[in-house]
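Here are the chains, one letter per residue:
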Amino acid sequence: MRVLVVKDEESLAEAIGAGLRRDAVTAETARDGREALAKLRLGGYDVLVLDRDLPGLHGDEVCRQVIGQRLLTRVLMLTSPGTVHHRPDAPGLGLGLGADDYLTKPFTHEELLARVLALGRRPRPVPAPVIAHAGVTVDTARGLAARDGRPLALSHTELGVLEVLLRARGAVVSGDDLIEEVWEEHTSYRTNAVRVTLGTLRAKLGDPPLIETVPGAGYRMTGGPDGGDGADV
């Protein structure tokens, strides 16, 4: 089982991770919501242990993005005493956002471990084989892509970039994240590889443009002419 612990207090995050590792759970840590989302997009985590009271990108927003982007992990929310008058399932908060379970601070290691193991035993959702957005479809099982019914002759790398951007559902994906998800581990031409691949991918997708560059941040899919938000089918 692989777990990601997200807490801004690095010493506490490491303590939680070390405790899980002592019980044969593979545990990694992230210090904020943005780092957590970047790691989750790479996949492979069974459980996300998420502190709700994160600075910057709040834990509630991280949970929204995990659910909205269908990142395939179970969410255990760590909440403060008295959160929403002891109703962490209130709409727009905690379980109301789609978290699978919650644990009120302070808690014991035994409590945390029991919740993590219980969530890890649940079957993980299976990603849909076809992703659709603004007329673009990617059949991940067969490695095929099309726009408005027109087949797209994409390279393996172009298809990988398109799939990552589609799965992000309008969220910004950094160049480094694309490198980590699509390219080989020891790519030496990192930034240029992303730019060149995005250039050829945009050309093959045609007009109107669907991939937007966000200066200083990365890339994202726009809604397209129909304003759709994208869906898995």
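What counts and how
- Just so you know, the residues in each chain are numbered from 1, in the order the chain's sequence is written.
- Given that this is a predicted model, residues contribute local features only at a pLDDT of at least 70 and side-chain atom pairs are listed and counted only at 80 or more, while totals for whole chains, interfaces and linings are drawn from all residues.
- As a rule here, side-chain values cover all heavy atoms of the structure and leave hydrogens and water aside.
- pLDDT is a residue-level measure of predictor confidence that goes from 0 to 100.
- The contact criterion used throughout is that any non-hydrogen atoms of two residues lie within 4.5 Å.
- Between any two strands, at least two bridges found by DSSP are needed for them to pair.
- Per the convention used, a helix needs a DSSP run of H or I reaching at least four residues, while a strand needs a run of E reaching at least two, with both numbered from the N terminus.
- One less than the number of residues in a helix, times 1.5 Å, gives the span that helix is expected to have.
- Exposed residues in this analysis have more than 50% of their type's maximum accessible area, buried residues have under 20%, and partly exposed residues fall in between, with area computed by a 1.4 Å probe over protein chains only.
- Buriedness for pockets is judged along seven lines, at least five of which must meet protein on both sides within 12 Å for an open set on the 1 Å grid over protein atoms alone, while cavities are sets there where a 1.4 Å probe fits but cannot get out, and lining residues have an atom within 4 Å of a point.
- Grid points are joined across faces, edges and corners, and a volume is the space filled by probe spheres set on the points.
- All amino acids are sorted into three groups, where Ala, Val, Leu, Ile, Met, Phe, Trp, Tyr, Cys and Pro are nonpolar, Asp, Glu, Lys and Arg are charged, and the leftover types, Gly among them, are polar.
- The convention used is that axes are lines fitted to C-alpha atoms, helices contributing only their stretch in contact, and that angles between N-to-C directions extend from 0 to 180 degrees.
- Two aromatic rings, drawn from Phe, Tyr or Trp (for Trp, its six-membered ring), form a pair once their centres lie within 6.5 Å of each other, and the interplanar angle then sorts them: stacked below 30 degrees, edge-to-face above 60, tilted otherwise.
- Definition used: whenever NZ (Lys) or CZ (Arg) falls within 6 Å of the ring centre and also within 35 degrees of the ring normal, the charge is taken to sit over that ring.
- The set of buried Ala, Val, Leu, Ile, Met, Phe, Trp, Tyr and Cys residues whose side-chain atoms join them within 4.5 Å is what this entry labels a nonpolar core.
- Counted as salt bridges are all cases of a side-chain nitrogen of Lys or Arg within 4 Å of a carboxyl oxygen of Asp or Glu.

**Q** Can you explain the confidence of the model for the chain? Please cite residues and give values.
**A** The pLDDT averaged across the chain works out to 82; a share of 83% of its residues lies at or above 70. Segment residues 224-230: pLDDT under 50, and 11 contacts once partners within four positions in sequence are set aside and those in other chains are kept.

**Q** I'd love a proper account of the pairing of strand 6 (residues 130-133), names of residues and values included.
**A** Along any regular strand, the residues point their side chains to alternate faces of the sheet. Direction of pairing for strand 6 relative to strand 7 (residues 136-139): antiparallel, over a ladder of 4 bridges. Looking across to strand 7, one finds that Ile 131 is bridged to Val 138. The hairpin turn running from strand 6 into strand 7, its antiparallel successor, is 2 residues long, and Ala 134 in that turn takes a positive phi close to 50°.

**Q** Before we move on, can you summarise helix 1 (residues 10-22) with the specific residues and values?
**A** The first and last C-alpha atoms of helix 1 sit 18 Å apart over 13 residues, in line with the 18 Å expected at 1.5 Å per residue. Elements in contact with the buried residues of helix 1: strand 1 (2-6), strand 2 (26-30) and helix 4 (109-121). At the exit of helix 1 stands Ala 24, carrying a positive phi of roughly 65°.

**Q** So what's going on with the environment of Phe 107? Which residues, and what values?
**A** Here Phe 107 is to be found in the loop between strand 5 (101-104) and helix 4. Overall, Phe 107 belongs to the partly exposed group, its relative accessible area being 23%. Taking C-alpha positions, Phe 107 is 9.3 Å from Leu 78, a pair spaced 29 residues apart along the chain.

**Q** Explain the layout of surface pockets to me, using residue names and the numbers behind them.
**A** Its volume calculated, the second largest pocket comes out at about 220 Å³. Sorting elements by how many residues they give to the lining of the second largest pocket places helix 2 (residues 33-41) first, with 4 residues. A breakdown of the residues in the lining of the second largest pocket according to their chemical character gives 7 nonpolar, 2 polar and 3 charged.

**Q** Could you give an account of the sheet that holds strand 2, with specific residues and numbers?
**A** Within the open sheet, the 5 strands sit side by side as 2-1-3-4-5. Their pairing is parallel. With one partner strand each, in any of the chains shown, strand 2 and strand 5 form the two edges of the open sheet. Averaged over all adjacent pairs, the angle separating strand axes in this sheet is 20°, with direction ignored. In this structure, strand 4 (residues 74-79) lies alongside strand 5, joined through 4 bridges in parallel fashion. Paired with Thr 79 across the strands is Thr 104, a residue of strand 5. Against the sheet, helix 1 engages strand 1 and strand 2, with an angle of about 170° to strand 2.

**Q** Give me the lowdown on the packing of aromatic side chains, citing residues and values where you can.
**A** In the structure shown here, the tally under the stated rule is 0 aromatic pairs. Cation over ring: Arg 2 sits above Tyr 45, and NZ or CZ is 4.0 Å from the ring centre.

**Q** Quick rundown of the nonpolar core? Include the residues and the values.
**A** Judged by nonpolar contacts, the single largest core of 29 residues is most densely connected at Val 161, Leu 162, Leu 165, Leu 178, Trp 183 and Ile 211. Breaking this core down by element, the ones donating at least two residues are strand 7, helix 5 (156-167), helix 6 (175-182), helix 7 (190-205) and strand 11 (218-221). Considering each element in turn, this core owes the most residues, 6 residues, to helix 5. Not counting chain neighbours up to four residues away, the residues in contact with Leu 178 comprise Val 161, Val 164, Val 173, Trp 183, Val 194 and Tyr 219. Membership of the second largest hydrophobic core comes to 18 residues, among which are Ala 30, Leu 40, Leu 50 and Met 77.

**Q** I'd love a proper account of the pattern of salt bridges, names of residues and values included.
**A** Within this structure, the stated rule accounts for 16 salt bridges. Between Lys 105 and Asp 51 there is a salt bridge whose closest N-O contact spans 3.0 Å. One end of the pair, Lys 105, is in the loop between strand 5 and helix 4; the other, Asp 51, is in strand 3 (residues 47-51), and 54 residues separate them in sequence. Overall, Lys 105 belongs to the buried group, its relative accessible area being 18%. With a relative accessible area of 1%, Asp 51 lands in the buried category. In this structure, Asp 53 and Lys 105 form a salt bridge, with 3.5 Å as the shortest nitrogen-oxygen distance. With a gap of 52 residues between them, Asp 53 in the loop between strand 3 and helix 3 (59-68) and Lys 105 in the loop between strand 5 and helix 4 connect regions that are remote in the sequence. One salt-bridge network, in which partners are shared between bridges, spans Lys 7, Glu 9, Asp 51, Asp 53 and Lys 105.

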